[in-house]
Amino acid sequence: MEFDLSLEEAGFRDEVKAFLEAELTEEVRGGMFVDTPARVAFVDKLAAKGWLGMGFPEKYGGSKKPIALAQFILNVELELAHAPIVGKNVGVIANTIFHNGSEEMKDEFLPKVFKNECQWALSYTEPQAGTDLAALQCKCEDKGDHWLVNGTKRFITSAHFADYHWVAVRTDPDAQKHKGVSIIIMDADAEGLTYTPQWCVGSTGAERTNEVFYDNVKVPKNRLVGEINKGFIYLMQALDYERFAIISFAARVRRFNKVAEWVKEAEFGGKKLSDDPAIRSKFATLATRVEIGTMLEKMCICVAAERVPNTEAAMNKAWASTIGTEIANLALDAMGPYGYLWDGSEHAPLEGEMVDQYLMHGHSRVAAAGVDTSKTIIARRLLGLPDPLGKPFLPNQAK
Amino acid sequence: MDMKYTEEQKQLQDLARRYLEKECTIDFVRNLEKKDEEIGFSKEMWASFAEMGWLGLAIPEEHDGMGWGLVDQAILAMQMGRSICPSPYLSTAVIAAEAIVLGGTDDQKSELLEEIIGGEAVYAFCFQENTREFGPKTVALEAKADGDNYVINGSKMFVEFSKGADKLLVVTRTAGKVGEESGLTMFIMDSDTKGITHTHLPTMARDRQYEVKFENVTVPKSAVLGPVGDGWTILNKVVQKAAVIFSAYCAGTAEVMHEYALEFSKERVQFGRIIGQMQVIQQYLATCTIEIYGARTIVLYTAWHMDQGRDMLDYVAKTKAFTSHCVEHICDRGSQIFGGMGYIEETPTTLHLRRGKQYQLSMGGMAYWEDIVAEKMFGPVTA
């Protein structure tokens with residue numbers, strides 16, 4: 001048992017901290033996406049440090065992972081500083097290509113990802129295929145010298161700045177629903193690809209995701225990732241990874257500390273808010289639950305040294321997303337009516353950030369397999385309980 | 001970073017699991033519950049604990065203990081919690097042993113620790129006063145110096161095993177007044193010292209708790225353990241360790257309750273299918289699973305850091321508060337999964353149902369520890 005970072009790991013953490021101190025400007029801070037020129041430039045610097053391709057072979061533009069927990073440490077520090085994160089380009093795209101893609105595909109895309117030369121849109125969800133992702137219908141036909149894609153995708157968050165779409169498509173309409181799915185890579189400027197914004201609930205009106213339409217989009221044959229009809233397996237692998245590695249719990253810790261700091265300083269009617277016994281009790285309960293989030297994340301990291309965490313990742317995901325909303329919810333409770341003041345009011349505590357968190361954190365509870373889906377994963381894979389939608393199980397049939 | 005047990009830790013866990021599952025069965029626990037006048041634990045089992053080295057597990061080697069750490073005690077306590085094992089392990093091998101190691105004179109150490117390690121002295125911990133609050137500030141039991149003696153007057157509440165114990169570790173006030181952390185002094189005395197009476201308090205867990213009254217109890221100055229008037233400097237560390245071990249015990253109880261409920265959900269058929277196939281049951285069980293993994297991790301994390309000699313008060317408080325919540329929540333939720341059978345005395349899990357809530361309320365409940373968390377975040381209340 002060993003809970004401390006090694007000397008090397010601690011050294012790397014300090015190096016990241018120093019880097020952020022020097023390079024992270026206000027312009028960059030505040031969002032996880034690489035969607036503005038300033039943020040692109042910032043992530044370019046991470047790439048120049050060799051921090052995007054850590055652990056991948058050098059022949060693909062990777063850099064020797066200096067130490068075991070480097071990726072985790074980097075993500076934690078980025079989240080604590082509210083900087084853009086390494087995120088899905090490496091976590092989903094590079095990992096999946098590296099483990100399943102052709103040599104040609106690795107040569108073409110991995111170096112670009114590690115140099116931050118391309119942004120990616122994960123294009124999975126459809127109007128009729130949300131939680132039930134395997135019900136996706138986006139059609140992909142083999143036309144001899146190319147694939148022909150037709151379909152509609154929804155909640156494609158990065159579509160408006162992406163260079164490539166990473167699209168889950170149906171390549172075998174007759175197979176069982178999760179057995180006829182493949183992944184293809186599509187150029188964002190392909191003919192027939194269009195998108196329209198879906199504006200998210202929130203004060204600024206600037207948070208967006210997108211609906212994407214593929215209308216007879218031609219895709220070269222070599223852009224199908226790995227084997228045909230194995231796409232759902234790749235998706236699931238990537239989701240296990242996404243549930244723990246992409247967004248560190250540190251983001252919630254940072255937000256909780258920010259709210260606690262606000263409570264500590266707040267005074268109403270000459271009384272310190274933090275003297276209120278109800279506030280103290282509720283924040284203590286939540287501080288404890290926040291700590292459990294860091295514990296579950298540590299547990300995942302320990303597991304990750306040996307295998308991809310799956311049920312552990314589901315625990316991490318379910319807890320983290322739940323706690324994220326609890327933080328925003330309690331923040332607004334503590335603020336009373338000031339809690340519902342939006343960005344733009346000089347009276348809005350913390351510039352109204354917690355209102356937006358309250359409204360949008362529900363998104364985290366449904367994204368990347370939501371809280372309830374994650375719990376289903378735990379029930380099915382860890383506890384050995386049968387599919388609620390499958391044929392009836394009798395005693396001794398369950399694992 | 002890794003959470004893996006060492007070979008020795010695995011062996012400790014396996015031995016404890018095997019021994020307790022064989023000896024500390026539901027029937028065994030029920031039997032101890034029934035005998036109202038008995039001591040509430042098995043002396044035979046206690047002797048086995050001593051033989052297996054459990055009573056001296058964390059006592060330094062220089063005092064003939066095994067010199068292991070808090071994390072090892074936590075691993076053992078989780079197994080005890082799984083078997084809801086009624087034993088004075090916490091008050092003896094954790095609280096008394098640690099208090100003596102930290103506060104004892106050389107003579108006290110050499111005499112008293114050996115007795116503990118050998119299973120010859122069982123201790124009860126007389127700390128909690130007749131109040132719903134917990135902690136050093138609540139201590140009112142008065143000890144007055146009188147020549148070469150101290151005379152003790154007052155009472156303690158919720159003292160587990162006090163009647164069956166050989167000795168009492170008694171926390172008194174020799175200076176200052178209620179509401180102050182300083183002024184405390186610890187004593188060690190025989191549980192049948194003249195002037196001490198034990199009145200049984202019936203509890204929902206049917207364990208052996210007592211109100212202990214001290215009427216002109218006269219003990220020599222040599223009965224003092226640790227500094228006079230400054231007992232909290234030692235007791236503070238002892239209580240923190242005890243809280244972590246109690247948390248480990250709670251995590252074990254929660255874990256086994258969850259296993260009972262899971263097993264039942266795979267056997268009970270309604271609507272032509274096992275109830276474990278229903279989404280709501282799956283969600284209940286999965287939620288509890290997450291809490292158990294979180295509880296186990298924070299117990300090990302906190303204990304491991306304390307073994308490195310670090311100040312972990314904030315984490316101790318969170319560990320105690322969270323496992324307290326967990327054991328209550330999971331024992332309640334698990335009972336719900338059993339449906340009507342969850343509330344029939346003969347069902348094994350009613351033992352856990354009766355313990356979950358009691359454990360949550362014990363040793364400062366959640367309130368004392370959450371106050372500590374709040375103080376760390378916001379500082380003390382100013383108004």
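Residues numbered from 1 in each chain as written. Chains lettered and ligands numbered in written order. Predicted model: local features only at pLDDT ≥ 70, side-chain atom pairs only at ≥ 80, totals over all residues. Heavy atoms only, no water.

Draft legend 1. Representation of the overall build of chain A within the structure. The helix and strand tally for chain A stands at eleven helices and nine strands. Rg of the C-alpha trace for chain A: 22 Å, near the compact-globule value of 21 Å for 399 residues, within the 12% margin. Here the C-alpha coordinates of chain A stretch approximately 75 × 55 × 50 Å along the principal axes. Within chain A, the fraction of its 399 residues that count as buried is 55%. (Helix = DSSP H or I, 4+ residues; strand = E, 2+ residues; numbered from the N terminus. Rg over C-alpha atoms; globule rule 2.2 N^0.38 Å. Buried < 20%, exposed > 50% of the residue type's maximum accessible area, 1.4 Å probe, protein only.)

Draft legend 2. Here's a closer look at helix H1 (residues 7-23) of chain A. Residues and elements named next belong to chain A. Taking 1.5 Å as the rise per residue, H1 with 17 residues should run 24 Å; its terminal C-alpha atoms sit 24 Å apart, in good agreement. For H1, every residue scored as buried is listed here: Glu9, Ala10, Phe12, Val16, Phe19 and Leu20. In this fold, the buried residues of H1 make contact with helix H2 (37-48) and helix H3 (70-80). (Expected span 1.5 Å × (residues − 1). Contact = heavy atoms within 4.5 Å.)

Draft legend 3. Molecular detail of the interface of chain B and chain A. With 52 residues of chain B at the contact, the number on the chain A side is 55 residues. Both sides of the chain B and chain A interface together cover about 5000 Å² of buried area, and 67% of this is carbon and sulfur. At the boundary of chain B and chain A, one finds three salt bridges. Summed over the shared surface of chain B and chain A, the result is 19 residue pairs in polar contact (both at pLDDT 80 or more). Elements that contribute at least two residues to the side of chain B that touches chain A include exactly helix H7 (232-265), strand E10 (273-274), helix H8 (279-307), helix H9 (313-337) and helix H11 (367-378) of chain B. Per element, the largest residue contribution to the side of chain B that touches chain A is 17 residues, and it comes from H8 of chain B. (Buried area = accessible area lost by both parts, 1.4 Å probe. Salt bridge = Lys/Arg side-chain N within 4 Å of Asp/Glu carboxyl O. Polar contact = N/O pair within 3.5 Å; in protein donor to acceptor, adjacent residues only side chain to side chain.)

Draft legend 4. Spotlight on the packing of aromatic side chains. This structure, assessed with the given rule, holds 33 aromatic pairs over all chains. For the pair Phe3 of chain A and Trp304 of chain B, a centre-to-centre distance of 5.7 Å together with 70° between the ring planes defines the contact as edge-to-face. With Phe3 of chain A in the segment before H1 and Trp304 of chain B in helix H8, the pair connects residues from two separate chains. With a relative accessible area of 5%, Phe3 of chain A lands in the buried category. Judged by relative accessible area, which is 8%, Trp304 of chain B ranks as buried. Aromatic side chains Phe264 of chain B and Phe338 of chain B sit 4.3 Å apart centroid to centroid with 25° between the ring planes, which places their arrangement in the stacked category. With Phe264 of chain B in helix H7 and Phe338 of chain B in the loop between H9 and helix H10 (349-361), this residue pair connects regions lying 74 residues apart in the sequence. (Phe/Tyr/Trp six-rings, centres within 6.5 Å; stacked < 30°, edge-to-face > 60°.)

Draft legend 5. Structural detail: the pattern of salt bridges. Enumeration according to the criterion identifies 42 salt bridges over all chains in this entry. Here Glu312 of chain A makes a salt bridge to Arg307 of chain A, at a shortest N to O gap of 2.8 Å. On the accessibility criterion, Arg307 of chain A (42% relative accessible area) is partly exposed. Salt bridges here are not isolated pairs; linked through shared partners, they connect Arg17, Glu21, Arg82, Glu255, Glu259 and Arg296 of chain B.

Draft legend 6. Expanded view of the domain arrangement of chain A. Residue and element names in this part refer to chain A. Assigned domains within chain A: domain 1 (7-118), domain 2 (121-234) and domain 3 (249-382). Domain 1 and domain 2 are separated by 25 Å when their C-alpha centres are compared. Here domain 1 and domain 2 share an interface that buries about 1400 Å² over both sides, 70% of which is from carbon and sulfur atoms. Inspection of the region where domain 1 meets domain 2 yields one salt bridge. Between Glu108 and Arg223 there is a salt bridge whose closest N-O contact spans 3.4 Å. There are four residue pairs in polar contact (both at pLDDT 80 or more) connecting domain 1 and domain 2. Where the side of domain 1 that touches domain 2 is concerned, the elements lending two or more residues are helix H4 (87-100) and helix H5 (103-114). With six residues, the single largest contributor to the side of domain 1 that touches domain 2 is H4. Of the residues belonging to the side of domain 1 that touches domain 2, the class tally is eight nonpolar, three polar and six charged. (Domains from an automatic or database assignment. Nonpolar A, V, L, I, M, F, W, Y, C, P; charged D, E, K, R; others polar.)

Draft legend 7. Highlighting the packing of H7 of chain B against H10 of chain B. Residue and element names in this part refer to chain B. At a minimum axis separation of 11 Å, H7 and H10 run at an interaxial angle of 145°. The chirality of how H7 crosses H10 is left-handed. Residues Phe246, Tyr249, Cys250, Thr253, Val256, Met257 and Tyr260 of H7 lie in contact with H10, whose contacting residues are Thr349, His352 and Tyr359. Looking at the contact of H7 with H10 residue by residue, the class counts come to seven nonpolar, three polar and no charged. (Axes fitted to C-alpha atoms, helices over the stretch in contact; angles between N-to-C directions. Left-handed = near helix turned anticlockwise from the far one by under 90°.)

Draft legend 8. Expanded view of unusual backbone geometry. Look at Phe155 of chain A: it is not a glycine, yet its phi comes out positive at around 60°. Counting through the fold element by element, Phe155 of chain A comes out in the loop between strand E3 (146-153) and strand E4 (164-170). Positive phi, normally seen in glycine, also occurs at Met363 of chain B, with a value near 45°. Mapping Met363 of chain B onto the fold places it in the loop between H10 and H11. Using a relative accessible area of 17% as the deciding quantity, one classes Met363 of chain B as buried.

Draft legend 9. Representation of the domain arrangement of chain B. All names here are of chain B. Looking at chain B, the domain boundaries give domain 1 (7-121), domain 2 (125-230) and domain 3 (233-378). Of note, the centres of domain 1 and domain 2, computed from C-alpha atoms alone, are 22 Å apart. Contacts between domain 1 and domain 2 engage 25 residues on the former and 17 residues on the latter. Considering only the surface of domain 1 that becomes buried against domain 2, Glu33, Ile95 and Gln108 emerge as the three largest contributors, covering 28% of it. For the pair domain 1 and domain 2, the number of links is two salt bridges. Among the salt bridges present, the one from Glu115 reaches Lys167, with a minimum N-O distance of 2.9 Å. Summed over the shared surface of domain 1 and domain 2, the result is five residue pairs in polar contact (both at pLDDT 80 or more).

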